[in-house]
Amino acid sequence: MNSNALTSATQFAPINGHNIAYRKFGKGTPMFFTNRFRGIMDTWDPLFLDKLAENNTIILLDYPGIGSSEGELPLHITEVAATIPQLADFLEIEKFNILGWSYGGLVAQTAMFQNQDRVLKTVLIGTNPPGENEIPIEEVFYDHALKPVNDLDDEYYLFFEPALEASKIAAIESHNRISQRLDVSLIPSTMEVFQRYFSGTASFKEDKLNFREAYKTLKTPVLVVSGDHDISFATDNWFPLLQNAPSMQHIILHGSGHGSRSISFLS
């Protein structure tokens, strides 16, 4: 019986002296998934994963120090992103796609720019480009995201559009699917770890390696998927970059928040 999001075994790769947790299932071109703030392997929606696994070999991982992985989450985004090619080397994968959501979108962009000879395509969901962005994170995000434990009510605001009943129903359905395998105790819950995420985000914003400028000559196809009301990474922050990023396409989903998703690019 083929494994899926709910049955795939957790395995470990020795990277930089620590065991990094990962799962691998599906068929097709390898695709590494880089996760959101506080995200672990089991906070991905299994329906989303299984649909993509029909045409892609899905590779989930927990960052160092997060979830089931040993170590500490690095303070600089380049060190977090280095985990992707290191895990690819361990799995003997030369070329691959990357899908990054939220904080994971920052990780995915960093890994892409630093491994342009290996990354085939990149999908960025509910995230922002490198460098300075005009519209900041809304306060409502911090009100819900920094609680030690999040519940369904928090998820309405963090990932969906609470003003729309259809979006709230989608939130309930997604929450119930994720709950089937989720061990809440593995989700980061301390301010010390939160600050490590924020440090990585700050280093991406600082953009010392000029990734924003590098979009002008990037050959890797990039799909950006945004919700029309993302309280975390504002969709409008992509607009100044689009005319200077010839390999990028941008999809905006109506009635959607930070957890917007699309599979059309990958099918």
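Below is a short write-up of the structure. Remember, it's a predicted structure, so these values are computed and weren't measured experimentally. (Residues numbered from 1 in each chain as written. Predicted model: local features only at pLDDT ≥ 70, side-chain atom pairs only at ≥ 80, totals over all residues. Heavy atoms only, no water.)

1. Regarding the overall build of the chain
Stated formally: In this text, helices come from DSSP runs of H or I with a minimum length of four residues, and strands from runs of E with a minimum of two, each type numbered from the N-terminal end. We compute the radius of gyration from the C-alpha atoms alone; for a globule the expected value is 2.2 Å times N to the 0.38, where N is the number of residues. Note on exposure labels: buried denotes an accessible area under 20% of the residue type's maximum, exposed denotes more than 50%, and partly exposed covers the range between, all computed with a 1.4 Å probe on protein chains only. Should any heavy atoms of two residues lie within 4.5 Å, those residues are counted as being in contact. Shrake-Rupley sampling with a 1.4 Å probe provides the accessible areas, and residues are treated as covered by the protein chains on show and by no other component. In summary, the charge assignment counts Lys and Arg as positive and Asp and Glu as negative, without counting His or the chain termini. To locate a charge, take atom NZ for lysine, CZ for arginine, CG for aspartate or CD for glutamate.
For the chain, the count of helices and strands is ten helices and eight strands. In terms of overall size, the chain behaves like a compact globule, its C-alpha atoms giving a radius of gyration of 17 Å where 267 residues would be expected to give roughly 18 Å. Across its three principal directions, the C-alpha atoms of the chain cover 45 × 45 × 40 Å. The 267 residues of the chain split such that 52% are buried. Partitioning the intrachain contacts of the chain with sequence separation of at least 6 by distance along the chain shows that 74% fall at a separation of at least 24. Surface summary for the chain: the accessible area is close to 11800 Å², and the carbon and sulfur share equals 51%. Side chains of the chain give 20 positive and 32 negative charges; the mean places of these two sets differ by 6 Å.

2. Quick notes on the packing of helix H4 (residues 103-114) against helix H8 (residues 191-206)
The condition that has to hold: Whenever a helix is involved, its axis is fitted only over the stretch in contact; in every case the axis is a line through C-alpha atoms, and angles between N-to-C directions fall within 0 to 180 degrees. When describing relative orientation, an angle under 35 degrees is termed roughly parallel and one over 145 degrees roughly antiparallel, while 65 to 115 degrees is termed roughly perpendicular and anything else oblique. The sense of a crossing depends on the near helix, which, turned anticlockwise from the far helix by less than a right angle, makes the crossing left-handed and, turned clockwise, makes it right-handed. Each residue is assigned to one of three groups, with Ala, Val, Leu, Ile, Met, Phe, Trp, Tyr, Cys and Pro labelled nonpolar, Asp, Glu, Lys and Arg labelled charged, and all others, Gly among them, labelled polar.
Close contact between H4 and H8 brings their axes to 10 Å; oriented N to C, the two are set at 45 degrees. Classed by the angle they form, the pair H4 and H8 counts as oblique. Note on packing geometry: the crossing formed by H4 with H8 is left-handed. Along the contact surface, H4 presents Tyr103, Leu106, Gln109 and Thr110, while H8 presents Tyr197, Thr201 and Phe204. A per-class count over the contact of H4 with H8 returns four nonpolar, three polar and no charged.

3. A few points about the pairing of strand E6 (residues 119-125)
For clarity, the cut-off: Strand pairing follows a simple DSSP-based rule, namely that at least 2 bridges must link the two strands.
For E6, a buried count of five out of seven residues is recorded, marking the element as mostly surrounded by other parts of the structure. Relative to E6, strand E5 (residues 96-101) runs parallel, the two sharing five bridges. Counted as the bridge partner of Trp101 is Ile125 from E6. The pairing of E6 with strand E7 (residues 222-227) spans four bridges and is parallel. Directly across from Ile125, in E7, lies its bridge partner Val225.

4. Digging into the sheet that holds strand E2 (residues 18-26)
One open sheet holds the eight strands; their spatial order is E1-E2-E4-E3-E5-E6-E7-E8, and the pairing between them is mixed. Taken across any chain shown, the strands that pair with only one partner, and hence form the sheet edges, are strand E1 (11-15) and strand E8 (248-253). Neighbouring strand axes in the sheet, compared pairwise and without regard to direction, differ in orientation by 25 degrees on average. The pairing of strand E3 (residues 29-34) with strand E4 (residues 56-61) spans five bridges and is classified as parallel. Residue pairing across strands places Thr29 opposite Asn56, the latter belonging to E4. Of the strands in this sheet, E1, E2, E3, E4 and E5 are in contact with helix H3 (residues 83-90), which crosses E1 at around 110 degrees. Sitting on the sheet, H4 is in contact with E3, E5, E6 and E7, with an inclination near 150 degrees to E5.

5. Concerning the pairing of E2
In the sheet, E1 pairs with E2 via five bridges, with the strands oriented antiparallel. What sits directly across from Gln11, in E2, is Tyr22. Linkage of E1 to E2, two consecutive antiparallel strands, is achieved through a turn of two residues, within which Asn16 is found at a positive phi near 50 degrees. In this structure, E2 lies alongside E4, joined through five bridges in antiparallel fashion. Residue pairing across strands places Phe25 opposite Ile58, the latter belonging to E4.

6. A closer look at the packing of helix H6 (residues 152-159) against helix H7 (residues 165-179)
Where H6 meets H7, the closest approach of the two axes is 10 Å, and the angle between their N-to-C directions is 120 degrees. Judged by the inter-axis angle, H6 sits oblique to H7. Where H6 crosses over H7, the handedness of that crossing is right-handed. Contacts between H6 and H7 involve Leu152, Glu155 and Tyr156 from the first element and Lys168, Ala171, Ile172 and His175 from the second. Here the residues of the contact of H6 with H7 sort into four nonpolar, one polar and two charged.

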